[in-house]
Amino acid sequence: MSDPQHSVDVLIPAYNAAATIESAVASIQRQTLAAIQIHVVDDGSTDETPAILARMAAADPRIRVHSKANGGIVHALNHGLDFCEAEFLARHDADDLAYPERLQTQVEYLRAHPDVIAVGAKARHIDQAGEPVGTVADLGSPDQSDPDHIPSREPYIIHPLLTVRREALRRAGGYRYVVHSEDTDLYWRLSAEGRLENLPVILADYRLHDGSISGASAANGRIMAVSSQLAGLSARRRRDGRTDIEFSRDRLARLKAADGMAAVVAAGAEGLDEDERTYLRRAAAAKLLELTTYRPYDLTLEDAAFVRQALADGLSGVPDERRRVLERHVKGAAARLAASGKWKIAAALLTPRLVPGFLARTAMRIGVPKGLHRFVQRRGTRAAHGSS
């Protein structure tokens with residue numbers, strides 16, 4: 001049973017997190033707001049995670065460990081929610097570090113702003129060893145969300161920095177199987193319950209490493225690109241009073257089994273109408289392009305060809321300002337690819353009219369090597385000078 005005196009339940013899913021779980025939980029134990037309970041869901045770990053958690057729970061009665069067979073993060077989160085009874089629910093991850101004032105700052109804000117149902121904050125990026133990498137995640141206001149945008153403009157909060165009124169989370173329905181975008185989908189549904197805010201303060205260290213769910217591989221990036229846009233389409237359906245998209249485990253399995261961006265989009269498009277399929281194709285292409293700017297993977301040749309075709313097919317109806325942003329993303333991605341020697345993939349991404357901007361960006365990165373001259377020659381003198 002939960003302690004009726006505590007005001008915050010902290011929910012931490014963990015799977016094979018032995019390297020970081022102790023420091024992550026300890027950062028919650030050190031919170032200035034002490035009236036909390038810490039619910040750690042061990043999702044079938046096979047390393048030393050269970051032993052570490054058992055030792056920590058024996059020393060601190062606020063820690064409750066809930067062990068279960070491995071079922072993935074959505075199942076783990078919903079399992080943990082069953083044990084949460086406090087006024088507020090805070091998320092934390094098994095590899096991140098909360099600053100001591102995190103919970104107190106967020107709860108005080110929620111109490112002072114009854115129209116706000118959930119808050120996040122900024123996070124400093126650290127590497128796998130816990131050292132700062134020099135960047136900070138500073139998200140915009142969730143109020144700027146737009147499910148019609150390309151890609152959808154999400155009402156996003158950094159997930160391990162989410163603190164939410166538990167009753168609003170219950171009304172929203174908890175987590176759904178929107179693979180690698182279960183947080184985005186939740187935020188769209190929470191937005192219908194009240195306002196979401198990102199506080200303008202750094203309240204945690206967010207670990208970047210190859211084992212991160214969203215940063216593990218290009219395959220996961222493709223799934224995230226599609227799932228995040230499906231979450232936006234789902235929000236659009238609810239807004240328009242239509243039957244919502246069903247996010248079943250079967251859909252999840254089909255997405256994971258798909259090979260290549262075109263196949264992932266096709267799997268995600270099942271059950272959508274023609275307009276939704278058209279939107280998904282170009283929005284997912286734009287999202288994949290966006291993800292490569294801050295995730296540890298690059299486009300493959302097949303990805304680049306898909307993105308080029310999807311955006312070429314779909315940009316005619318996009319407002320000029322947004323089209324220019326997408327074209328900047330294309331030129332930037334191509335320049336990064338060229339700088340790493342992936343000229344063929346860069347070429348597959350570009351239309352002739354984008355070549356001049358690509359050349360300028362690449363020159364700033366690496367100068368104008370022989371390979372670049374050969375690339376320009378293949379694309380044609382006319383394209384290199386800006387003609388369509």
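The rules behind each value
- Residue numbers restart at each chain and count upward from 1, following the sequence in its written direction.
- Per-residue local features are limited, in this predicted model, to residues with pLDDT of at least 70; the limit for side-chain atom pairs, both in listing and counting, is 80 or more; totals at the level of whole chains, interfaces and linings are taken over all residues.
- In computing side-chain values, all of the structure's heavy atoms are included and hydrogens and water are not.
- UniProt positions are given in the numbering used here, feature names are shortened, and annotations may be inferred rather than shown by experiment.
- Here a strand is any run of E in DSSP of at least two residues, a helix any run of H or I of at least four, and the numbering for each starts at the N terminus.
- When accessible area is computed with a 1.4 Å probe and restricted to protein chains, residues below 20% of their type maximum are described as buried, those above 50% as exposed, and intermediate ones as partly exposed.
- Contacts: residue pairs with any heavy atoms within 4.5 Å of one another.
- Exposure was quantified through the Shrake-Rupley algorithm and a 1.4 Å probe, taking into account, for residues, occlusion by the shown protein chains and nothing else.
- At least two DSSP bridges between two strands are required for those strands to pair.
- Angles here are taken between N-to-C directions and fall from 0 to 180 degrees, while the axes themselves are lines fitted to C-alpha atoms, restricted in helices to the stretch in contact.
- The scheme is simple: roughly parallel for angles under 35 degrees, roughly antiparallel for over 145, roughly perpendicular for 65 to 115, oblique for anything else.
- Note on convention: the crossing is left-handed when the near helix lies turned anticlockwise from the far helix by less than a right angle, right-handed when the turn is clockwise.
- The nonpolar class holds Ala, Val, Leu, Ile, Met, Phe, Trp, Tyr, Cys and Pro. Asp, Glu, Lys and Arg form the charged class, and all remaining residues, Gly among them, are polar.
- Handedness rule for crossovers: strands pointing away from the viewer, path from the first strand over the helix to the second running clockwise, crossover right-handed.
- As used in this record, nonpolar core signifies buried Ala, Val, Leu, Ile, Met, Phe, Trp, Tyr and Cys residues forming a set joined through side-chain atoms within 4.5 Å.
- Residue ranges assigned to each domain were obtained from an automatic or database domain assignment.
- Salt bridges are defined by distance alone: a side-chain nitrogen of Lys or Arg within 4 Å of a carboxyl oxygen of Asp or Glu.
- Stacked, edge-to-face and tilted are the three classes for Phe, Tyr and Trp ring pairs, Trp counted by its six-membered ring, which pair at centre distances within 6.5 Å; planes under 30 degrees apart are stacked, over 60 edge-to-face, the rest tilted.
- Here, over-ring charges are defined by two tests on the NZ atom of lysine or the CZ atom of arginine: distance to the ring centre within 6 Å, and angle to the ring normal within 35 degrees.
- Note: the arc covers the axis-to-C-beta directions of the helix.

With an unreviewed UniProt entry as reference, the protein is termed Glycosyltransferase involved in cell wall biosynthesis, source organism Sphingomonas jinjuensis. Looking at the Sequence similarities (unreviewed entry) heading of the UniProt record, one finds this comment for the protein: "Belongs to the glycosyltransferase 2 family."

Examining the overall build of the protein
In terms of regular secondary structure, the protein is built from 16 helices and 9 strands. The buried share among the 388 residues of the protein stands at 54%. Taking all contacts inside the protein whose residues are at least 6 apart in sequence as the whole, residues at least 24 apart take part in 77%. For the protein, the computed accessible surface area is about 16,800 Å², with 51% contributed by carbon and sulfur atoms.

Side note on the pairing of strand β9 (residues 195–207)
Here strand β5 (residues 97–98) runs beside β9; their pairing, made up of 2 bridges, is antiparallel. Within β9, the position partnered with Leu97 by the bridge is Asp205.

Examining helix α1 (residues 21–29)
Within α1 the residues assigned to the buried category are Ile21, Ala24, Val25, Ala26, Ser27 and Ile28. Tucked into the core, α1 has its buried residues touching β1 (8–14), β2 (36–43), α2 (49–59), β3 (63–68) and β5.

Overview of the packing of helix α7 (residues 218–239) against helix α10 (residues 274–291)
The N-to-C vectors of α7 and α10 enclose an angle of 135°; their axes lie 8 Å apart at closest approach. Here α7 is positioned oblique relative to α10, judged by the angle of their axes. In this structure, α7 crosses over α10, and the sense of that crossing is right-handed. Residues Gly221, Arg222, Met224, Ala225, Val226, Ser228, Gln229, Leu230, Leu233, Arg236 and Arg237 of α7 lie in contact with α10, whose contacting residues are Glu276, Tyr279, Leu280, Ala283, Ala284, Lys287, Leu288 and Leu291. Here the contact of α7 with α10 is built from residues that sort into 11 nonpolar, 3 polar and 5 charged.

Section: the pairing of β1
Of all the 7 residues making up β1, 7 are buried; the element is thus mostly covered by neighbouring parts of the structure. The alternating pattern of β1 places Val8, Val10, Ile12 and Ala14 on one face and Asp9, Leu11 and Pro13 on the opposite face, and all of these are buried. Bridge count for β1 against β2 is 7 bridges, and the pairing is parallel. Within β2, the position partnered with Ile12 by the bridge is Val40. With respect to chirality, the unit in which β1 leads through α1 into the neighbouring parallel β2 is right-handed. Pairing of β1 with strand β4 (residues 88–91) involves 4 bridges; the strand directions are parallel.

Examining the nonpolar core
Within soluble globular proteins, side chains that are nonpolar generally end up buried alongside one another. Membership of the largest hydrophobic core comes to 80 residues, with the highest contact counts inside it found for Leu190, Val226, Leu280, Leu349 and Phe358. Inspection of this core shows a minimum of three residues originating in each of domain 1 (8–207) and domain 2 (218–356). Not counting residues within four places of it along the chain, the set of residues in contact with Leu349 comprises Leu289, Leu299, Ala304, Val307, Arg308, Val330, Ala333, Ala334 and Leu337. Formed by 33 residues, the second largest nonpolar core is a distinct cluster that contains Val25, Leu33, Leu53 and Ala137.

Let's talk about the pattern of salt bridges
A pair can form between side chains of opposite charge whenever their charged atoms are brought close. The final tally for this structure, using the stated rule, is 28 salt bridges. Across the salt bridge formed by Arg176 and Asp244, the nearest N and O atoms sit 3.0 Å from each other. Taken as a pair, Arg176 in the loop between α5 (166–172) and α6 (182–191) and Asp244 in the loop between α7 and α8 (249–257) lie far apart in primary sequence, 68 residues in all. Its relative accessible area of 18% is what places Arg176 among the buried residues. In this structure, the salt-bridge partner of Arg242 is Glu276, at a minimum N-O distance of 3.2 Å. Taken as a pair, Arg242 in the loop between α7 and α8 and Glu276 in helix α10 lie far apart in primary sequence, 34 residues in all.

As for unusual backbone geometry
Of note, the amide linkage connecting Ile150 to Pro151 takes the cis form, showing an omega dihedral of -10°. The residue Pro151 is located in the loop between β7 (132–137) and β8 (163–165) in this model. Notably, His180 is not glycine yet its phi reads approximately 65°, a positive angle. We classify His180 as buried; its relative accessible area is 15%.

Considerations on the packing of aromatic side chains
Scanning all chains against the criterion turns up 1 aromatic pair. Ring geometry for Tyr156 and Tyr187: centres 5.4 Å apart, planes at 80°, overall edge-to-face. Here Tyr156, found in the loop between β7 and β8, pairs with Tyr187, found in helix α6; they are 31 residues apart in sequence, far enough to count as distant. Assessed through its relative accessible area of 0%, Tyr187 is described here as buried. Residue placement shows Arg236 over the ring face of Tyr279; its charged tip is 4.4 Å from the ring centre.

Describing helix α9 (residues 261–268)
Residues Met261, Val264, Val265, Ala267 and Gly268 constitute the buried set of α9. Buried positions in α9, seen along its axis, are confined to an arc of 160° and lie on one side of it.

So, the packing of α9 against α10
Put simply, α9 and α10 touch, their axes get as near as 10 Å, and they point 130° apart. Classified by the angle their axes make, α9 and α10 are oblique. Of the two elements, α9 crosses α10, and the hand of that crossing is right-handed. Here Met261, Val265 and Gly268 of α9 lie close against α10, whose contacting residues are Leu280, Arg281, Ala284, Ala285 and Leu288. Classifying every residue of the contact of α9 with α10 by side-chain character gives 6 nonpolar, 1 polar and 1 charged.

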